[in-house]
Amino acid sequence: MKINKIEPQGYCHGVINAINIANKILQNNDIKKPIYFLGSIIHNSHVIKDFEEKGIITIDEKGKSRLELLDMIDEGTVIFSAHGVSPQVYKKAMEKGVNIIDATCPMVKLVHNKMDKYLNLGYECIYIGTKNHPECEGVLGISDKIHFVTSVSDINNLNITSSSIYVTNQTTLSIYDIKDIFNELKNKYPSILIDDKICNATTIRQEAMANQKKVDLCIVVGDTKSSNTKKLVKVSNEHAHINTILCEDLKSLDKSLLKNVKSISISSGASTPPYLVDEIIDYIKKL
Ligand code: SF4
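Bear in mind that the values here come from a model prediction, so they are computed numbers and not experimental data.

### Remarks on the domain arrangement of the protein
- Structurally, the protein comprises domain 1 (2–10 + 201–286), domain 2 (13–105) and domain 3 (107–198).
- Here the C-alpha centroids of domain 1 and domain 2 sit 29 Å apart.
- Taken together, the contact between domain 1 and domain 2 spans 11 residues of the former and nine residues of the latter.
- The junction of domain 1 with domain 2 conceals about 770 Å² of combined surface from both sides, 47% of it contributed by carbon and sulfur atoms.
- It is Asp223, Lys225 and Ser271 that lose the most area in domain 1 upon contact with domain 2, and together they represent 53% of the buried surface on that side.
- With its nearest N and O atoms 3.3 Å apart, the salt bridge here joins Lys225 to Asp60.
- Counting every contact that joins domain 1 to domain 2 gives six residue pairs in polar contact (both at pLDDT 80 or more).

Below is the structure:
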């Protein structure tokens, strides 16, 4: 079996930053207890389980916003995830008197700052993202004046008359899909100021996926909640035209898919622990 490990792999700097912050908190004996993650600190269940074993409690519930989840925390320390939070979450946590630790990725913080800047300058602001993703919840919470676009078809419903329009986006979208959305926006609003904020870690991984050599099967290792992981699968399927699957770990790998497969490529999301990839590679090598 030929195996092509697609580089780069491993944690992105935003994930490393969040993990380092959580580890430092655990080592600090003076920190107010209990310690909570408000939502998943990063989107990987293995990493979260590891922190839970070390004593950090994750407050998460499908369908609940960060603001709603905060209702379940009344004391101790709350760690905001790499995806960032809205100003309302910050305010509510301060009012509750809990100790706040912010593990927001600097790239996401940059999007918040730019959005703030252009709203204050009086621009009509558009944000492109995914419904119910925590990163989008954080940015959209900056102002109810932000127009939210999830696909090209949403652009038809935009009714903006100002000539000062600013658009930015979620950091982990597909570099291909966003081009279509930006082009459509430019057609409708020629003076629009486009500020592409797909992060470097996302861009270089997607480019590597699109340009990979032909193989029978591509495996992307990562969490089903992880936006950047899901986009790697999409890019590989749609732009490298390779049958591609998402797999959380060796246990969840559907081994029947490896039948009659002679060549495999492996990539992983920016929040996937490298050992999960190595375990799958070792298994395939032994076949
Ligand atoms: S994928 Fe990009 S935006 Fe998300 S945590 Fe990593 S560096 Fe930050």
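### A closer look at the site of the ligand
- With respect to spatial proximity, the complete set of residues near the ligand consists of Cys12, His13, Gly14, Cys105, Met107, Thr171, Thr172, Cys199 and Thr202.
- Given that more than half its atoms are within 2 Å of the pocket grid, the ligand belongs to the largest cavity.
- Here the residues of the shell around the ligand are counted per class, giving four nonpolar, five polar and no charged.

### So, the packing of helix H8 (residues 200–210) against helix H9 (residues 227–239)
- Taken N-terminus to C-terminus, the directions of H8 and H9 make an angle of 30 degrees; their axes are 8 Å apart at the nearest point. Classified by the angle between their axes, H8 and H9 sit roughly parallel to one another. Crossing geometry of H8 relative to H9 is assigned as right-handed. Contact with H8, carried on its side by Thr202, Arg205, Gln206, Met209 and Ala210, involves Asn228, Lys231, Leu232, Val235, Ser236 and His239 of H9 and no other residues of that element.
- Looking at the contact of H8 with H9, its residues break down into four nonpolar, five polar and two charged.

### Some words on the layout of surface pockets
- Estimated volume of the largest pocket: approximately 650 Å³.
- Every residue lining the largest pocket is counted, 24 residues in all, and those nearest its centre are Gly63, Lys131, Asn132, His133 and Pro134.
- Looking at the lining of the largest pocket, the elements that each hand over two or more residues are helix H3 (66–69), helix H6 (134–140) and H9.
- The element that contributes the greatest number of residues to the lining of the largest pocket is H6, accounting for four residues.
- Each residue belonging to the lining of the largest pocket can be placed in one class, and the counts come to five nonpolar, nine polar and 10 charged.
- Here the second largest pocket defines a volume of roughly 180 Å³.
- With four residues, helix H5 (residues 106–120) is the single largest residue contributor to the lining of the second largest pocket.
- Grouping the amino acids of the lining of the second largest pocket by side-chain chemistry returns four nonpolar, five polar and three charged.

### Things to note about the sheet that holds strand E11 (residues 244–247)
- The strand order across the open sheet built from four strands is E1-E12-E10-E11, with neighbouring strands paired in parallel fashion. The open sheet has two edge strands, strand E1 (2–5) and E11, and neither has a second partner. Each strand of the sheet is rotated relative to its neighbour by a mean of 25 degrees, with strand direction disregarded.
- Sheet analysis places strand E10 (residues 217–221) next to E11, joined by four bridges and oriented parallel. In the sheet register, Ile219 faces E11, and the bridge partner there is Ile245.
- Against the sheet, H9 engages E10, E11 and strand E12 (263–268), with an angle of about 165 degrees to E11.

### A closer look at the side chain of Ser174
- In this structure, Ser174 sits in the loop between strand E8 (165–169) and helix H7 (175–188).
- A polar contact of 3.0 Å, which involves the side chain of Ser174, links it to the backbone nitrogen of Asp177.
- Excluding residues within four positions of it along the chain, Ser174 makes contact with Ile198, Gln206, Lys231 and Val235.

Analysis parameters
- Residues numbered from 1 in each chain as written.
- Predicted model: local features only at pLDDT ≥ 70, side-chain atom pairs only at ≥ 80, totals over all residues.
- Heavy atoms only, no water.
- Domains from an automatic or database assignment.
- Contact = heavy atoms within 4.5 Å.
- Buried area = accessible area lost by both parts, 1.4 Å probe.
- Salt bridge = Lys/Arg side-chain N within 4 Å of Asp/Glu carboxyl O.
- Polar contact = N/O pair within 3.5 Å; in protein donor to acceptor, adjacent residues only side chain to side chain.
- Near = heavy atom within 4 Å.
- 1 Å grid on protein atoms, 1.4 Å probe; cavity = no way out; pocket = protein on both sides within 12 Å on 5 of 7 lines; lining within 4 Å.
- Sits in = over half its atoms within 2 Å of the grid points.
- Nonpolar A, V, L, I, M, F, W, Y, C, P; charged D, E, K, R; others polar.
- Axes fitted to C-alpha atoms, helices over the stretch in contact; angles between N-to-C directions.
- Helix = DSSP H or I, 4+ residues; strand = E, 2+ residues; numbered from the N terminus.
- Parallel < 35°, antiparallel > 145°, perpendicular 65-115°, else oblique.
- Left-handed = near helix turned anticlockwise from the far one by under 90°.
- Points joined across faces, edges and corners; volume = space filled by probe spheres on them.
- Pairing = 2+ DSSP bridges.

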